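Inside the fold
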Amino acid sequence: MSNVIILDRVTKKYGSGHGATLALDEVDLAIPAGQFIAVMGPSGCGKTTLLNLIAGLDDPTSGHVVVAGEDLGKLSERARFEIRLRHIGIVFQSFNLLPRVSVARNVMWRLELVGLRGRKARDRTAALLEEAGVPEAAWDRFPGELSGGEQQRVGVARALATDPRILLADEPTGNLDSLGAKRLLDQLRRLNQQRRMVVVLVTHDPHAGIVGSRSIELRDGRVIRDVASPPREVGVVVPFERPHDANG
Ligand SMILES: Nc1ncnc2c1ncn2[C@@H]1O[C@H](COP(=O)(O)OP(=O)(O)OP(=O)(O)O)[C@@H](O)[C@H]1O
Ligand SMILES: [Mg+2]
């Protein structure tokens, strides 16, 4: 199977000298087409850093990140932007919505960038917001006028707008209630199974961690665990069980 995402001895250091932080420490990771991978680990272990590097939003200090066959380190900012636009959807941990435009505009803007306009863009935006569970009354408000959970849902709608091949989701259920979280995970699993969208899901929730086909755990910038989860059918609610870790 071909790998859609490859990290080859990726190290990311922030700062230098005494104040430096080693956020990722020689991480090797290959994510094949169609995979749904949960990334777990304590606060500060490097999860968001990992997503930022895969998205080409930041550069590794050393090593290579290859996405959809492209070595990101060899591309211009413009080319990386195009890759994000065409292939990657990102649900940011802190939402990153444009504060001065409406919720609907936040989503529609992505669609317009790929050439969808007018009625088609509006209809698709409405469908995305509805599917994500954003109440219609909120669509014309500014993001700051929504609850955290609602903003998170807008982030999901925007990330999925262009039918990305790869979804990078940073704690996308962090601000949702348990029903909302379950709905979102079901939606992601469906997109993964039906459209083979690669999902990289960062989560603290051990329950969310088992929806994928694989889960890895980071600690201090290193992958300390990498396990395959048993296959599951779409739409089946599985009673929560913990994956076995490597040492039993
Ligand atoms: N821009 C930055 N400048 C300096 N240090 C940073 C920066 N971003 C992250 N770090 C540090 O790098 C380490 C990894 O951070 P990262 O945000 O990847 O952790 P995380 O696993 O996503 O944590 P959380 O679960 O709290 O979101 C942390 O020690 C953090 O303080
Ligand atoms: Mg984080």
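What counts, and at which threshold
- Here the residue numbers are simple positions, counted from 1 along each chain's written sequence.
- Labels follow written order: the first chain is A, the first ligand is 1, and so on.
- Totals for whole chains, interfaces and linings use all residues, but because this is a predicted model, local features are given only for residues with pLDDT of at least 70 and pairs of side-chain atoms are given and counted only at 80 or more.
- Helix and strand labels come from DSSP, where a helix needs a run of H or I of at least four residues and a strand needs a run of E of at least two; each type is numbered from the N terminus.
- Our exposure labels follow a C-beta count within 10 Å of each residue's own C-beta, placed from the backbone: buried means 20 or more other C-beta atoms, exposed means 12 or fewer, and partly exposed covers the counts in between.
- Here the contact rule is simple: place C-beta atoms from the backbone, and any two residues whose C-beta atoms are within 7 Å are in contact.
- Near, as applied to residues and a molecule or strand, means the residue's backbone-placed C-beta atom lies within 6 Å of it.
- Ten residue types, Ala, Val, Leu, Ile, Met, Phe, Trp, Tyr, Cys and Pro, are classed as nonpolar, four, Asp, Glu, Lys and Arg, as charged, and the remainder, Gly among them, as polar.
- In plain words, the nonpolar core is the set of buried Ala, Val, Leu, Ile, Met, Phe, Trp, Tyr and Cys residues that C-beta atoms within 7 Å link up.
- Each axis is a line fitted through C-alpha atoms, and for a helix only the stretch in contact is used; angles between axes span 0 to 180 degrees, taken between their N-to-C directions.
- For classification purposes, an angle smaller than 35 degrees is called roughly parallel, one larger than 145 roughly antiparallel, one from 65 to 115 roughly perpendicular, and anything else oblique.
- Should the near helix be turned counterclockwise from the far one by less than a right angle, the crossing is left-handed, whereas a clockwise turn marks it as right-handed.
- For two strands to count as paired, DSSP must find a minimum of two bridges between them.

A word on the overall build of the protein chain
The secondary structure content of the protein chain amounts to six helices and 10 strands. For the C-alpha atoms alone, the extent of the protein chain along its principal axes is close to 50 × 45 × 35 Å. For the protein chain, with 248 residues in total, the buried portion stands at 40%. A separation threshold of at least 6 residues defines the contact pool for the protein chain, and within that pool the share at least 24 residues apart is 66%.

With respect to the site of ligand 1
Surrounding ligand 1, one finds Tyr-14, Gly-15, Thr-21, Ala-23, Ser-43, Gly-44, Cys-45, Gly-46, Lys-47, Thr-48, Thr-49 and Gln-93. Looking at the shell around ligand 1, the elements with two or more residues in it are strand S2 (21–32) and helix H1 (47–54). In terms of residue count, the dominant contributor to the shell around ligand 1 is H1 (three residues). Among the residues making up the shell around ligand 1, the classes are represented as three nonpolar, eight polar and one charged.

Description of the nonpolar core
Grouped together as the largest cluster of nonpolar side chains are 64 residues, with contacts concentrated most on Val-39, Ile-54, Ala-157, Leu-168, Val-199 and Val-200. If we skip the residues at most four places from it in the chain, Ala-157 touches Val-107, Leu-128, Leu-129, Ala-132 and Val-134.

Re the environment of Leu-201
Considering the arrangement of structural elements, one finds Leu-201 in strand S8 (residues 198–202). The class for Leu-201 is buried, based on 29 C-beta atoms found within 10 Å. Distance in space between the C-alpha atoms of Leu-201 and Leu-167 is 8.0 Å, their sequence separation being 34 residues.

Considerations on the packing of helix H3 (residues 103–113) against helix H4 (residues 118–132)
Where H3 meets H4, the axes come as close as 9 Å, and the angle between the chain directions of the two elements is 125 degrees. The orientation of H3 with respect to H4, classified from their angle, is oblique. For H3 against H4, the interelement crossing comes out right-handed. Counted together, Ala-104, Val-107, Met-108, Leu-111 and Glu-112 of H3 and Ala-121, Arg-122, Arg-124, Thr-125, Leu-128 and Leu-129 of H4 form the full contact between these two elements.

Comments concerning the sheet that holds strand S9 (residues 214–219)
The strand order across the open sheet built from six strands is S6-S7-S8-S3-S9-S10, with neighbouring strands paired in mixed fashion. At either end of the open sheet lies a strand with only one pairing partner, and these are strand S6 (88–91) and strand S10 (222–228). The sheet shows a mean angle of 15 degrees between the axes of neighbouring strands, taken without regard to direction. Looking at chain direction, S6 and strand S7 (residues 166–170) are connected through four bridges and run parallel. Pairing of Ile-88 across the sheet is with Ile-166, part of S7. Against the sheet, helix H6 (residues 178–195) engages strand S3 (36–40), S7 and S8, with an angle of about 150 degrees to S8.

Description of the sheet that holds strand S5 (residues 70–71)
Reading across from one edge, S2-S1-S4-S5 is the order of the four strands in this open sheet, with antiparallel pairing throughout. The outermost strands of the open sheet, each flanked by one partner alone, are S2 and S5. Sheet topology places strand S1 (residues 3–14) next to S2; eight bridges connect them, and they run antiparallel. Bridging across to S2, Val-10 finds its partner in Val-27. The strands touched by H1 within the sheet are S1, S2 and strand S4 (62–67), with S1 carrying the most contacts at an inclination of about 120 degrees.

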